[in-house]
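Overview (structure and organization)
Chain residues, written in single-letter form:
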Amino acid sequence: MPQETSYDYIIVGGGSAACVVAARLVKEARARVLLLERGPRKANPIMHFPAGYMKFLAKDTYLAMHQTEPQPQLGGRGPIVPQGKVLGGGSTVNAMVYMRGQAADYDRWNNAITAPGAENDGAWSYRDMLPYFKAQEDNDHLAGEFHGVGGPLKISDLGHTSPMTRAYIKALQTMGIPWNPDFNGAGQFGVGMMQHTIDWQTRRRCSAVDAFLAPVMDDPLLTIETEATVTKLLLQNDAATGVEYIQRGVTRRAAAGIEVILAAGAYQTPKLLMLSGIGPEAELARHGIRTEIALPGVGQNLQDHYECPVVATTKGAFSYYGQDRGWPMIKAGLQYLLFKSGPVTTTGVETCAFYDPDGNNAEPTIQMFCVPTVYLDRDVMGTDPGHGVTINSLLLRPKARGSVTLTSADPLRNPVVSTGIFNHPDDLRLTVKSFRFARTVLDASPMRELIEREIFPGADVTSDEAIAEHCRRTVKTGYHPVGTCRMGHDGDEMAVLTPRLTVRGAARLRVIDASMMPTIVSGNTNAAVLGAAAKAADLILERAA
């Protein structure tokens, strides 16, 4: 029998949500907290530089790569979807964009937890969530109704922008897309610069570890175990009593006196629940797992953002191509280290536009990024990367749903991820329509003065079917999986969680990561996860009190 240690709370996963909640429990409840992360404790120091994450995008050093199920509607493609595997999770490895989404996104969450005919109490509405966002935030120049100053999370504009970024912004304004100075303000519609979780004074990444966990790292009440993979929840009389985990080849157990809190992400959290006997009965039986608590919604309702590109070469070096090698890299590195300026102070994705191809711009359905380089692989594009620009149309609220199921009862195997990309015809229709609009942006001044020619998919791809085929062949994840343990009202049989994020039918068990979202938010999901975790911490502390 593995040796067992005891804590008040055990948090499974060390990502953004875990950092927020662990810090609050230690500081405010003075609770003994065990945080278990399957990745390493620290990332390469380069990851602290705004541009540094690009060195690790295609590597599994700090990412768990999930090979998804082949999708018939994509011609048998199964795109790889990564997930952060390091203390801080996605906030340690992501592109640092701080984007909350639309007010209507959170109102949709609130509708999802409200039974038909019942009074809507606003528990997860935008009005309820905004104070959490503001309390976390220390913005470099925004304040007032929508922004906070003095919080632990540093948020700023980037320190450098490319000529292509500026041309894109001006071109869209000439096309009738207005300038938007604040995508996290009154509305999303428009084109503008994206804010990032970067400290404007040091020009370094501000991860969830930096913002929330670092101040309590040395507190003896907090125990952080890394390279620790949780393999099973320990249950007794339908209550979570602890976890079993493997660390460097040794099986260990830990007991939780108050709660076990799952924060392992939209793929691993449902996997762990199912391995522990909580989930759809047929799925559990298929792998010889005894059903402890039947919850058909575990692993269902998977949503993500998906994007498709149009790529053009340029008449000059207006992009970041080649800046990560040789003398340009050395020069940029020295400029950053000496003056905290130059190309290293950008994430490479500086601007985007929010709009709706169908014209309902009050609630945009597309986030259109301008990436100032040709960054697709040769085996996808058929040509080598070089100086150019990639415009990606990302679908904000797909109607299709995917799923996460078990590969086997082996806890060290990745789950089966079926993305469901383009399983709803409206998703592909909007993507094709936005692809056509992206082409017109390339042809609008002052972009067209910089553009040489479209190289991918090529100017000869013009019919709806040909463009749709291009989208099916190139569509990729936006790295924002959510929804696989969604919250809902008591009459919703597919709801895994209560509005207080407790697992239905299980005592002392809660989920606080992105899998709790009933519907995906309209933008990069890290900000939403941080805000939701702050509310989750309040719910946990209320119960403790």
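In this text the structure is predicted, and so the values were computed from the model without any measurement. (Residues numbered from 1 in each chain as written. Predicted model: local features only at pLDDT ≥ 70, side-chain atom pairs only at ≥ 80, totals over all residues. Heavy atoms only, no water.)

**Some thoughts on the overall build of the chain**
Scanning the chain from N- to C-terminus turns up 13 helices and 24 strands. For a compact globule of 545 residues, the expected C-alpha radius of gyration is about 24 Å, and the chain comes in at 23 Å, within 12% of that figure. Principal-axis analysis of the C-alpha atoms gives the chain an extent of 70 × 50 × 50 Å. The proportion of buried residues among the 545 residues of the chain is 61%. Across the chain, contacts joining residues at least 24 apart in sequence account for 69% of those joining residues at least 6 apart. Surface exposure of the chain reaches about 20700 Å², of which carbon and sulfur atoms provide 52%. Across the chain, 53 positive and 56 negative side-chain charges occur, with their mean positions spaced 4 Å apart. (Helix = DSSP H or I, 4+ residues; strand = E, 2+ residues; numbered from the N terminus. Rg over C-alpha atoms; globule rule 2.2 N^0.38 Å. Buried < 20%, exposed > 50% of the residue type's maximum accessible area, 1.4 Å probe, protein only. Contact = heavy atoms within 4.5 Å. Areas by Shrake-Rupley, 256 points an atom, 1.4 Å probe, with all protein chains shown as cover. Lys, Arg positive; Asp, Glu negative; His and termini not counted. Charge placed at Lys NZ, Arg CZ, Asp CG, Glu CD.)

**So, the environment of alanine 123**
Along the chain, alanine 123 turns up in the loop between α3 (103–112) and α4 (126–136). Sequence separation between alanine 123 and lysine 535 is 412 residues; the distance between their C-alpha atoms is 9.7 Å. Residues within four places of alanine 123 in sequence aside, it is in contact with Asn110, Ile113, Asp128 and Lys535.

**Regarding the pattern of salt bridges**
If you walk through the whole model with that rule in mind, you get 28 salt bridges. A salt bridge links aspartate 219 to arginine 30, with the shortest nitrogen-to-oxygen separation between them at 2.8 Å. With aspartate 219 in the loop between α6 (208–213) and β10 (222–225) and arginine 30 in the loop between α1 (16–29) and β2 (33–36), the pair connects residues that are 189 residues apart, well separated along the chain. Relative accessible area serves as the criterion here: at 16%, aspartate 219 is assigned to the buried category. One salt bridge in this structure joins aspartate 105 and arginine 108, with 2.8 Å as the shortest N-O distance. Pair noted here: aspartate 105 and arginine 108 are both in helix α3, with a separation of 3 residues, about one helical turn. We classify arginine 108 as partly exposed; its relative accessible area is 26%. Linked by salt bridges that have partners in common, Asp358, Lys399, Asp426, Arg429 and Lys433 make up one network. (Salt bridge = Lys/Arg side-chain N within 4 Å of Asp/Glu carboxyl O.)

**Concerning the UniProt feature "binding site: FAD" (unreviewed entry) in the chain**
Here, the residues flagged by UniProt with the feature "binding site: FAD" (unreviewed entry) are Val86, Asn94, Ala95, Met96, Val97 and Val230. Judged by maximum C-alpha separation, these annotated positions cover 145 residues in sequence and are scattered in space, the widest gap reaching 29.4 Å. Checked against the element boundaries, valine 97 lands in the loop between α2 (90–93) and α3. Apart from residues lying up to four places away in sequence, valine 97 is in contact with Met194, Gln195, His196 and Asn524. Within the element layout of this structure, valine 230 appears in strand β11 (residues 228–236). Residue contacts for valine 230: discarding those within four places in its chain leaves Val12, Leu36, Val243, Glu244, Tyr245 and Leu272. (UniProt positions renumbered as here; feature names shortened; annotations may be inferred.)

**Some words on the UniProt feature "domain: Glucose-methanol-choline oxidoreductase N-terminal" (unreviewed entry) in the chain**
What UniProt calls "domain: Glucose-methanol-choline oxidoreductase N-terminal" (unreviewed entry) maps, in this numbering, to residues 84–107 and 265–279. A helix fraction of 38% and a strand fraction of 4% characterise residues 84–107, whose end C-alpha atoms lie 28 Å from each other. Between the first and last C-alpha atoms of residues 265–279 the distance is 16 Å; the span itself is 73% helix and 13% strand.

**A short note on the packing of aromatic side chains**
Inspection of the entire model under this criterion finds 8 aromatic pairs. Judged by centre distance (4.9 Å) and plane angle (55°), the ring pair of phenylalanine 49 and tyrosine 336 falls under tilted. Of this pair, phenylalanine 49 sits in the loop between β2 and β3 (63–67) while tyrosine 336 is found in helix α9 (residues 326–339), placing the two residues 287 residues apart along the sequence. A relative accessible area of 2% places tyrosine 336 in the buried class. With a centroid separation of 5.0 Å and 70° between ring planes, the pair formed by phenylalanine 183 and phenylalanine 354 is classed as edge-to-face. Taken together, the residues span a long stretch of sequence, with phenylalanine 183 in the loop between α5 (163–174) and β7 (190–193) and phenylalanine 354 in strand β17 (residues 351–355) at a distance of 171 residues. A relative accessible area of 5% places phenylalanine 183 in the buried class. Its guanidinium or amino end placed over the ring of tyrosine 336, lysine 340 lies 5.1 Å from that ring's centre, counting from NZ or CZ. (Phe/Tyr/Trp six-rings, centres within 6.5 Å; stacked < 30°, edge-to-face > 60°. Lys NZ or Arg CZ within 6 Å of the ring centre and 35° of its normal.)

**What to know about the nonpolar core**
Trp124, Leu213, Val243 and Leu509 are the most contacted members of the largest nonpolar core, which has 94 residues in total. Filtering out sequence-adjacent residues up to four positions away, valine 243 remains in contact with Ile10, Val12, Leu36, Val230, Lys232, Leu233, Leu234, Arg252, Arg253, Ala254 and Val260. One finds Cys308, Met368, Phe435 and Met447 within the second-largest nonpolar core, a separate group that totals 40 residues. (Core = buried A, V, L, I, M, F, W, Y, C linked by side-chain atoms within 4.5 Å.)

**Some words on unusual backbone geometry**
Looking along the chain, the bond that leaves serine 445 and enters proline 446 is cis, with omega of 5°. Positionally, proline 446 belongs in the loop between α11 (425–442) and β22 (451–456). Cis geometry marks the peptide bond from phenylalanine 456 to proline 457, where omega comes out at 5°. Positive phi values are uncommon outside glycine, yet asparagine 237 reaches one of about 55°. For asparagine 237, a relative accessible area of 74% corresponds to the exposed category.

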